[in-house]
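Overview (structure and organization)
These are the residues of each chain, in order.
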Amino acid sequence: MKTDGEVIKMMVRNYLTTPLEDVDKIHDGIGTAQHVSLFTREDFKTNIRFLNYTVLPAGVTIGLHPHGEDEELYMVLEGDGVMTVNGETQRVTSGDVIVNPPFGSHGIVNDSDKDMKLLVMEVYK
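This text gives an overview of the structure that appears in the document. (Residues numbered from 1 in each chain as written. Predicted model: local features only at pLDDT ≥ 70, side-chain atom pairs only at ≥ 80, totals over all residues. Heavy atoms only, no water.)

Quick notes on the overall build of the protein
Basically, it comes down to this: A run of H or I in DSSP counts as a helix once it spans at least four residues, and a run of E counts as a strand once it spans at least two, with each numbered from the N terminus. Each radius of gyration is computed over the set of C-alpha atoms, and the globule rule expresses the reference value as 2.2 Å times the number of residues to the power 0.38. A simple rule labels every residue: compare its accessible area, found with a 1.4 Å probe on the protein chains alone, to the largest value its type can have, and call it buried under 20%, exposed over 50%, or partly exposed in between. This count recognises Lys and Arg as positive and Asp and Glu as negative, with His and chain-terminal groups excluded. By convention, the charge on Lys lies at NZ, on Arg at CZ, on Asp at CG and on Glu at CD.
Scanning the protein from terminus to terminus reveals 0 helices and 12 strands. Expected size for 125 residues packed as a compact globule is a radius of gyration near 14 Å; at 15 Å, the protein falls within 12% of this value. Overall, the protein is about 50 × 35 × 25 Å in size when its C-alpha atoms are taken along their principal axes. Relative to its full complement of 125 residues, the protein shows a buried share of 37%. Averaged over its 11 positive side-chain charges, the protein has a centre that lies 7 Å from the centre of its 20 negative ones.

Structure (structure tokens):
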């Protein structure tokens, strides 16, 4: 594929083999998650800000936090927990995709005894 004469090379990253980093208290949440940014803004030609892979061990949370004009998608690959979006709380499980709308707030709790594995993508305006 070409864009303005530039040849775009295929980019492949494997979330299962990319080394994870420990991240404490994501958005003032509880505990230590494992995380990697697979792609960042510099990797995209569109308004995608990032694609992250995050593992929340049992009892770990991503704290409730607000957003601006961006939207996020949380894709639950494995596990289950409780997601809150704009004050509405719902159990989420493997296969669920959750939309976090612009100017909203959200957080997630792994209240199970197994790891919760997520892909998170953010798009900005």
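A word on the sheet that holds strand β9 (residues 88-93)
This is how the line gets drawn: Two strands pair under a simple rule: DSSP has to find at least two bridges between them. Comment: axis = line fitted to C-alpha atoms, over the contacting stretch for helices; angle = value between 0 and 180 degrees taken between N-to-C directions.
As summarised here, the arrangement of the 4 strands in space is β6-β11-β8-β9, forming an open sheet in which the pairing is antiparallel. The strands lining the two open edges of the sheet, one partner per strand, are β6 (61-66) and β9. The sheet shows a mean angle of 15° between the axes of neighbouring strands, direction not considered. Note that strand β8 (residues 80-85) and strand β11 (residues 105-109) share 4 bridges and pair antiparallel. Among the inter-strand pairings, Val82 is bridged to a residue of β11, identified as Val109.

Observations regarding the packing of aromatic side chains
Keep this limit in mind: What counts as a ring pair is set by centres within 6.5 Å for rings of Phe, Tyr and Trp (its six-membered ring), and what kind of pair is set by the plane angle: stacked under 30 degrees, edge-to-face over 60, tilted for all other angles. Here, a charge over a ring means that NZ of Lys or CZ of Arg falls within 6 Å of the ring centre while also lying within 35 degrees of the ring normal.
If you walk through the whole model with that rule in mind, you get 2 aromatic pairs. Ring geometry for Phe39 versus Phe44: centroids 6.0 Å apart, planes at 55°, classification tilted. A relative accessible area of 11% places Phe39 in the buried class. One cation-aromatic arrangement involves Arg41 over Tyr124; the distance from NZ or CZ to the ring centre is 4.3 Å.

Some points on the pattern of salt bridges
Spelled out, the test is: Salt bridge, as used here, is a side-chain nitrogen of Lys or Arg placed within 4 Å of a carboxyl oxygen of Asp or Glu.
All chains considered together, the criterion is met by 7 salt bridges. Across the pair Arg49 and Asp70 runs a salt bridge whose closest N-O atoms are separated by 3.9 Å. Of this pair, Arg49 sits in strand β5 (residues 48-56) while Asp70 is found in the loop between β6 and β7 (71-78), placing the two residues 21 residues apart along the sequence. On the basis of relative accessibility, which here comes to 26%, the residue Arg49 falls in the partly exposed class. Among the residues examined, Asp70 registers a relative accessible area of 9% and is labelled buried. It is possible to trace a salt-bridge network through shared partners that takes in Arg49, Asp70 and Glu122.

Here's the deal with the sheet that holds strand β12 (residues 116-123)
Here we have 6 strands laid out as an open sheet, ordered β3-β4-β5-β12-β7-β10, and antiparallel in their pairing. Two strands lie at the open edges of the sheet, namely β3 (21-24) and β10 (97-100), each paired on one side alone. Averaged over all pairs of adjacent strands, the angle between their axes in this sheet comes to 30°, without regard to strand direction. Relative to β10, β7 runs antiparallel, the two sharing 4 bridges. Bridging across to β10, Glu72 finds its partner in Asn100.

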